[in-house]
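Residues per chain are reported as follows:
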Amino acid sequence: MYKDFTAPVVTKPDITHDWFSDKTGLSVSRTDWNDTATMVWFYNAPTKKAGHEHRDNNSFSIFKNSPQINNSGYYWSYGNPHYVNYYMRTVAHNSICVYDSTDRYTNWGANVSNDGGQNESPTLMNYNEIFSAAAQKGKWVLWGAGNDYCYNIADAEQSYDTAKLDRFRRRVLFYKPNQVIVLDHLHLKNTATKQRDARFILHFQKKPSINGSITNSQVLNHIETFNGHDILQTNGNGNVAIRTLLPVNAVTTRIGGSGYEFYVNGVNY
């Protein structure tokens, strides 16, 4: 199709600001169709539907003028070490990881990084396998939208090892134009005998600032833990301010910088 760049600008229709695809598990909501709009999308696939997968159920992203909370990693070669150890894994998305140092993760039968995230599911070879028990990955409980909100409730516990957790229900409320509330109900199993380090993952385009003091500097300027609960990032003409409300004893660890952009369990992929 040829585009005539000399044609006069026409008024675009104000189509719906909220969209939900229950079969693929994708909710997209925006304030308007202007360049300055805020957009929030939330993803939770009910079933696996492809020969390969991204382990990103119950993840979300926020765009305001520029990416503010975004997915991490990049695609340059299918199946390379970055792809299987980071790009397609939960740690590269804004979801939950529950780390246990004894865990073993695989991809196409080969050992991959231990990110504490969601499990591999069998490769689908035909249409009917979509409905198999092994292909079930998540469940949508509720989606609703109005003039000033979009509300999502979804379960993703089927995406994780059943010995690790049996509950991961995420509620995401986009209260337009500029507030997003994320509430997670996480129930961990075997906590008395197993390591269960629950981590709420967020990815930023620019280095965020965190209030409070540094309580642990594992790698100076690259892996630093703070006792503060407030995070601020400015990217482009937009910004995002985050406050952790619960749990009250949570700590915030900032990981990044040159050589630590795609860091998983001691290795930068």
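Structure: see above.
Here's what I pulled together on the structure shown here. Bear in mind that the values here come from a model prediction, so they are computed numbers and not experimental data.

Turning next to the overall build of the protein chain. If you tally the helices and strands in the protein chain, you get 1 helix and 21 strands. The C-alpha atoms of the protein chain give 20 Å as radius of gyration, which agrees with the globular expectation for 269 residues (18 Å, within 12%). Taking the principal axes of the C-alpha coordinates as reference, the protein chain spans close to 65 × 55 × 35 Å. Within the span of the protein chain, comprising 269 residues, buried residues form 41% of the whole. Across the protein chain, the fraction of contacts at a sequence separation of at least 24, relative to all contacts at a separation of at least 6, is 54%. Averaging the positions of the 26 positive and the 23 negative side-chain charges in the protein chain gives two centres separated by 2 Å.

Take the packing of aromatic side chains next. In the structure shown here, the tally under the stated rule is 15 aromatic pairs. Judged by centre distance (6.0 Å) and plane angle (75°), the ring pair of Tyr75 and Tyr83 falls under edge-to-face. Overall, Tyr83 belongs to the buried group, its relative accessible area being 2%. What links up through ring pairs into an aromatic cluster is the set Tyr75, Tyr78, Tyr83, Tyr87 and Trp108. In this structure, Arg30 is placed above the aromatic ring of Trp33, and the distance from its NZ or CZ to the ring centre is 4.1 Å.

Here the focus is empty space enclosed by the protein. This model, assessed by the stated rule, comprises 2 cavities of 30 Å³ or more. In this model, the largest cavity occupies a volume close to 40 Å³. If you trace the largest cavity, you find 10 residues lining it, with Lys48, Glu53, Asn107, Trp108 and Glu120 closest to the centre. Considered class by class, the residues forming the lining of the largest cavity number 2 nonpolar, 5 polar and 3 charged. Of all the secondary structure elements, the ones that give two or more residues to the lining of the second largest cavity are strand E2 (26–30), strand E3 (38–43) and strand E11 (165–175). Of all the elements, E3 adds the most residues to the lining of the second largest cavity, at 3 residues. Tallied by class, the residues present in the lining of the second largest cavity amount to 5 nonpolar, 3 polar and no charged.

Moving on, we get to the sheet that holds strand E1 (residues 18–21). Taken in spatial order, the 5 strands of this open sheet run E1-E2-E3-E4-E5, and their pairing is antiparallel. This sheet does not close on itself; its edge strands, each paired only once, are E1 and strand E5 (66–69). Within the sheet, the average angular offset between the axes of one strand and its neighbour, ignoring direction, is 15°. In this structure, E2 lies alongside E3, joined through 5 bridges in antiparallel fashion. Opposite Ser29, over in E3, you have Val40 as the bridge partner.

A sheet is described by the order of its strands in space; here 3 strands give the open sequence E14-E17-E18, paired in antiparallel fashion. Either end of the sheet is taken by a strand with one partner, and the two such strands are strand E14 (209–210) and strand E18 (238–243). Two strands pair when backbone bridges link them, and strand E17 (residues 230–235) and E18 are joined in this way by 6 bridges, in the antiparallel orientation. Across the sheet, residue Ile231 finds its bridge partner in E18, namely Ile242.

Burial along E17 is one-sided: the face carrying Ile231, Gln233 and Asn235 is buried and the face carrying Asp230, Leu232 and Thr234 is not. Bridge count between E14 and E17: 2 bridges; the pairing is antiparallel. In the sheet register, Ser209 faces E17, and the bridge partner there is Leu232. Hairpin geometry of E17 and E18 is characterised by an intervening segment of 2 residues between the two adjacent antiparallel strands and by a positive phi of about 65° at Gly236.

Reading the values: rules and limits
- Residue numbering note: each chain is counted from 1, following its sequence as written.
- Confidence filtering applies because this is a predicted model: local features only for residues at pLDDT of at least 70, side-chain atom pairs given and counted only at 80 or more, and all residues used for totals across whole chains, interfaces and linings.
- To obtain the side-chain values, all non-hydrogen atoms of the structure were included, while hydrogens and water were left out.
- Helix numbering and strand numbering both begin at the N terminus, where a helix is a DSSP run of H or I of at least 4 residues and a strand a DSSP run of E of at least 2.
- Note that the radius of gyration is over C-alpha atoms, with the globule rule given as 2.2 Å times the number of residues to the power 0.38.
- Buried residues are those whose accessible area, probed at 1.4 Å on protein chains only, stays under 20% of the maximum for their type, while exposed residues exceed 50% and partly exposed ones sit between those limits.
- Contacts were defined at the residue level, with two residues in contact if any of their heavy atoms lie within 4.5 Å.
- Note on charges: Lys and Arg go in the positive column, Asp and Glu in the negative column, and His and the chain ends are not counted at all.
- Just so you know, the charge point we use is NZ for Lys, CZ for Arg, CG for Asp and CD for Glu.
- We call Phe, Tyr and Trp rings a pair once their centres come within 6.5 Å, taking the six-membered ring for Trp, and we label the pair stacked below 30 degrees between planes, edge-to-face above 60, and tilted otherwise.
- For a Lys NZ or an Arg CZ to count as sitting over a ring, it must be within 6 Å of the ring centre and within 35 degrees of the ring normal.
- Using only the protein atoms, space was sampled on a 1 Å grid; points where a 1.4 Å probe fits but cannot get out form cavities, open sets with protein on both sides within 12 Å along at least five of seven lines form pockets, and lining residues are those with an atom within 4 Å of a point.
- Grid points are joined across faces, edges and corners, and a volume is the space filled by probe spheres set on the points.
- Polar here means any residue outside two lists: the nonpolar Ala, Val, Leu, Ile, Met, Phe, Trp, Tyr, Cys and Pro, and the charged Asp, Glu, Lys and Arg; Gly therefore counts as polar.
- When DSSP finds at least two bridges between two strands, those strands are taken to pair.
- Angles here are taken between N-to-C directions and fall from 0 to 180 degrees, while the axes themselves are lines fitted to C-alpha atoms, restricted in helices to the stretch in contact.

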